[in-house]
Amino acid sequence: MRDSKPIDFAARHESFEVWFQSPLGRALLASQRCVLDRELSSLTGARQLQIGLSHRLPLASGTDYVQRIITTPTWSPNMPDGVAVCDSAELPFPADSIDLAILHHAADFSQDPHQVLREAARVLKGEGVMALVGFNPLGLWGVRKLISRHHQGPWGGRFMMRSRMEDWLRLLGFTIESSATYFSRLPIQKRNGSVSTRPPSGKPNIIPVGAYYCILARKRVPAPIQRRVNWRKNKVMTLPGAIGASRDCVNKVPGKLDTSNHSPEF
């Protein structure tokens, strides 16, 4: 039986970052960079925000944005410019200030993944794009997560259904532009520690059982509904000869006889 105590995800961030230095972790990160570079290459804007677990794992570095910001949950010495130390569920940015938000396993390693999405939606501008990267519970990586006896690396995070994340995004006012799983490599480290020299293809899996999914969603802002115009306001211009607009309008027409209290004559 699993322990019902709250999971301390903050304690697992460091092991997950260290795991990315392994051969399997480097291969996964290379695949994610390839996918995001391809999917986000046509976007442009003022600010790009990456919400993740480490400032040492930058993504989409080739996009055409004036400013790039990366968040990290813990402070470390010699941090470069453009790094903000904060929790993914409480971002220190004003609303409607970001053009592109990249969530790099931020929901996987959060106590409240729904709040992580809400915060990203809050700071994102209308018509802005969110790129959500998370581990896929379906397939061999999901099986490895279930049978794993330790919580190091990716196995200490959540593996949430892609359809569930899409539903959450729709509830937050997003439309899904693309959604697919990637990286079909087995979730095991090679004994010799070698890394494949083949460049990552970044192509989506035909069967949705890849190690991770990438969802691109656009924030939609509904057009305001115009209120009914009050035609009885005092500032409405009266037109000579107009009939039937209102009794007041007829009475105020110059040269028009007030017949409101008289019977019609034949």
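Calculation notes
- Residues numbered from 1 in each chain as written.
- Predicted model: local features only at pLDDT ≥ 70, side-chain atom pairs only at ≥ 80, totals over all residues.
- Heavy atoms only, no water.
- Pairing = 2+ DSSP bridges.
- Helix = DSSP H or I, 4+ residues; strand = E, 2+ residues; numbered from the N terminus.
- Salt bridge = Lys/Arg side-chain N within 4 Å of Asp/Glu carboxyl O.
- Buried < 20%, exposed > 50% of the residue type's maximum accessible area, 1.4 Å probe, protein only.
- Core = buried A, V, L, I, M, F, W, Y, C linked by side-chain atoms within 4.5 Å.
- Contact = heavy atoms within 4.5 Å.

### Some remarks on the pairing of strand β1 (residues 44-51)
At step 1: Sheet analysis places β1 next to strand β2 (residues 64-72), joined by seven bridges and oriented parallel. Bridged to Gly 45 within β2 is Tyr 65.
At step 2: Examined bridge by bridge, β1 and strand β4 (residues 98-104) share four bridges and lie parallel to one another. The partner of Leu 49 across the bridge, within β4, is Ala 101.

### Quick word on the pattern of salt bridges
At step 1: Evaluation of the coordinates by the stated rule reveals eight salt bridges.
At step 2: In this structure, Asp 99 and Lys 125 form a salt bridge, with 3.6 Å as the shortest nitrogen-oxygen distance. With Asp 99 in strand β4 and Lys 125 in strand β5 (residues 124-135), this pair connects stretches of sequence that are 26 residues apart.
At step 3: Judged by its relative accessible area of 27%, Lys 125 is partly exposed.
At step 4: Between Arg 170 and Asp 167 there is a salt bridge; the shortest N-O distance is 3.4 Å. Residue Arg 170 and its partner Asp 167 are both found in helix α5 (residues 162-171); the two are separated by three residues, about one turn of the helix.

### Some remarks on the nonpolar core
At step 1: Grouped together as the largest cluster of nonpolar side chains are 34 residues, with contacts concentrated most on Leu 28, Leu 36, Leu 40, Ile 102, Trp 141 and Phe 183.
At step 2: Sorting the residues of this core by element identifies α1 (10-19), α2 (23-39), β4, β5, β6 (174-182) and β7 (212-219) as the ones contributing at least two each.
At step 3: Top element by residues in this core is α2. It accounts for six residues.
At step 4: The contacts of Phe 183, once residues within four sequence positions are left out, are Leu 24, Ala 27, Leu 28, Ser 31, Trp 141, Asn 205, Gly 210, Ala 211 and Tyr 212.
At step 5: Counting residues in hydrophobic clusters, the runner-up holds 29 residues, among them Ala 84, Met 130, Trp 168 and Ala 217.

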